[in-house]
Amino acid sequence: MATVANAVLVLLSLLLGGRLIYRYVNRPRPHSLWYGVGLILIACAALPELWFELTGQIPTALWWLYWFTASGCVAYLAVGSAYLMNARFGQVTLAAAVALTVWVVAATLLTGGTGPAVVATEAFRSAPTSAIKLPFLLQNIGGSLVILAGAIISFVRTRAAFALLIALGTFVFASGGAASGLMKVSQIFAFTQTAGILLLYAGVSLSLQPRKAPAGPPAEAAR
């Protein structure tokens with residue numbers, strides 16, 4: 001079950017992330033780019049999970065890839081939401097996400113030689129060092145709050161259901177890691193991650209659809 005869930009997570013994240021980046025190429029909008037980047041990072045973070053489910057172990061390189069990408073995926077989704085609210089806020093959020101990413105990269109490079117050649121247990125889901133755990137928590141908690149705020153503002157402005165789907169999907173996705181860590185059940189992680197990406201997929205897909213302009217009064221339509 002976890003294997004299927006992780007496979008779905010990788011495929012849907014790549015598909016939706018690719019759609020958003022393609023949309024950005026044809027119609028440059030910062031939120032499309034950073035939503036796409038966040039979803040590609042989700043796929044990269046889910047790949048080690050899938051590898052572990054298939055083989056029962058994971059090379060150290062994929063272990064570090066997991067923390068490299070899992071720590072930033074919610075943060076870059078938050079950058080997309082921040083740009084939707086305000087361009088300046090988007091720039092500030094992007095700067096914070098990049099700074100925390102550099103922090104994780106530096107910690108990874110400094111501690112990269114301390115891990116085992118192959119991780120044969122589910123311990124790869126535990127942060128290798130506190131230097132990585134702290135920015136991971138900052139990115140996920142801060143990113144989730146930004147996305148939640150953006151979704152509420154968007155819903156108040158537009159009454160569009162996709163805003164709530166995006167917020168709910170991000171909340172489910174971001175809370176999955178914490179839930180699995182507390183309850184020590186990997187299937188919870190796979191289920192919440194897949195449920196979250198399905199909600200995100202539905203919300204972002206709806207947001208990409210052309211919106212119908214409200215019909216004006218008959219007198220205006222006749223002019």
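Residues numbered from 1 in each chain as written. Predicted model: local features only at pLDDT ≥ 70, side-chain atom pairs only at ≥ 80, totals over all residues. Heavy atoms only, no water.

Focus on the overall build of the chain
Piece 1. Counting its secondary structure elements, the chain contains nine helices and two strands.
Piece 2. Sequence-ordered secondary structure for the chain, helices as α and strands as β, is α-α-β-α-α-α-β-α-α-α-α.
Piece 3. Residue pairs at least 24 apart in sequence account for 75% of intrachain contacts in the chain once pairs closer than 6 positions are excluded. (Helix = DSSP H or I, 4+ residues; strand = E, 2+ residues; numbered from the N terminus. Contact = heavy atoms within 4.5 Å.)

Thoughts on the side chain of Ser144
Piece 1. Take Ser144: it is sitting in helix α6 (residues 130-158).
Piece 2. A polar contact is formed between the side chain of Ser144 and the backbone oxygen of Asn140, at a distance of 2.7 Å. (Polar contact = N/O pair within 3.5 Å; in protein donor to acceptor, adjacent residues only side chain to side chain.)

What about helix α2 (residues 30-55)?
Piece 1. Across its 26 residues, α2 extends 38 Å between first and last C-alpha, which sits within 8% of the 38 Å expected from 1.5 Å per residue.
Piece 2. With its phi angle positive at about 80°, Gly56 sits one or two positions after the end of α2. (Expected span 1.5 Å × (residues − 1).)

Details of the nonpolar core
Piece 1. One finds Leu39, Ile42, Tyr76, Leu77, Val79, Ile166 and Ile197 to be the most contacted residues of the largest nonpolar core, which totals 33 residues.
Piece 2. If you tally residues by element for this core, the top one is helix α4 (residues 73-85), at ten residues.
Piece 3. In this structure, Trp63, Trp67, Ala70 and Phe136 belong to the second largest nonpolar core, which totals ten residues. (Core = buried A, V, L, I, M, F, W, Y, C linked by side-chain atoms within 4.5 Å. Buried < 20%, exposed > 50% of the residue type's maximum accessible area, 1.4 Å probe, protein only.)

Regarding the packing of α2 against α4
Piece 1. In contact at an axis separation of 7 Å, α2 and α4 are set at 165° when each is read in the N-to-C sense. It follows that α2 is roughly antiparallel to α4 by the angle criterion. Along this stretch, α2 crosses α4, giving a crossing that reads as left-handed. On α4, the residues that touch Pro30, His31, Trp34, Tyr35, Val37, Gly38, Leu39, Leu41 and Ile42 of α2 are Cys73, Tyr76, Leu77, Val79, Gly80, Ser81, Tyr83 and Leu84.
Piece 2. Of the residues in the contact of α2 with α4, the class split is 13 nonpolar, four polar and no charged. (Axes fitted to C-alpha atoms, helices over the stretch in contact; angles between N-to-C directions. Parallel < 35°, antiparallel > 145°, perpendicular 65-115°, else oblique. Left-handed = near helix turned anticlockwise from the far one by under 90°. Nonpolar A, V, L, I, M, F, W, Y, C, P; charged D, E, K, R; others polar.)

Here's the deal with the environment of Ser130
Piece 1. Checked against the element boundaries, Ser130 lands in helix α6.
Piece 2. Classification of Ser130 by relative accessible area gives exposed; the value is 64%.
Piece 3. Separated by 23 residues in the primary sequence, Ser130 and Ala107 place their C-alpha atoms 9.2 Å from one another.

Details of the packing of aromatic side chains
Two descriptors summarise a pair of aromatic rings, namely the distance from one centre to the other and the angle between the planes of the rings.
Piece 1. Enumeration over the complete set of coordinates arrives at one aromatic pair.
Piece 2. Taking 5.8 Å as the distance between ring centres and 25° as the angle between the ring planes, the aromatic pair formed by Trp34 and Tyr76 counts as stacked. In this pair, Trp34 sits in helix α2 while Tyr76 sits in helix α4, placing the two residues 42 residues apart along the sequence. Tyr76 carries the same exposure label as Trp34, and that label is buried. (Phe/Tyr/Trp six-rings, centres within 6.5 Å; stacked < 30°, edge-to-face > 60°.)

Brief notes about α6
Piece 1. Helix length check: α6, at 29 residues, gives a terminal C-alpha distance of 41 Å against a target of 42 Å (1.5 Å per residue), a fit within 8%.
Piece 2. Of the residues making up α6, those classed as buried are Ile132, Pro135, Phe136, Gln139, Asn140, Gly143, Ser144, Val146, Ile147, Gly150 and Ala151.
Piece 3. Once α6 ends, the next one or two residues include Arg159, with phi positive near 60°.

Focus on the environment of Leu20
Piece 1. Tracing the backbone through its elements, the reader meets Leu20 in helix α1 (residues 2-26).
Piece 2. With a relative accessible area of 2%, Leu20 lands in the buried category.
Piece 3. A sequence separation of 16 residues divides Leu20 from Gly36, and the C-alpha atoms of the two residues are 5.0 Å apart.

Some details on the side chain of Gln139
Piece 1. Looking at the secondary structure, you find Gln139 in helix α6.
Piece 2. Once residues lying within four places of it in the same chain are set aside, the contact partners of Gln139 are Ser71, Gly72, Val74, Ala75, Ala97, Leu100, Thr101, Val104 and Ser144.

Regarding the confidence of the model for the chain
Piece 1. For the chain, the mean per-residue pLDDT works out to 76, and 76% of the residues sit at or above 70.
Piece 2. The low-confidence segment residues 214-223, where pLDDT is below 50, has zero contacts with residues more than four positions distant or belonging to other chains. (pLDDT = per-residue confidence, 0-100.)

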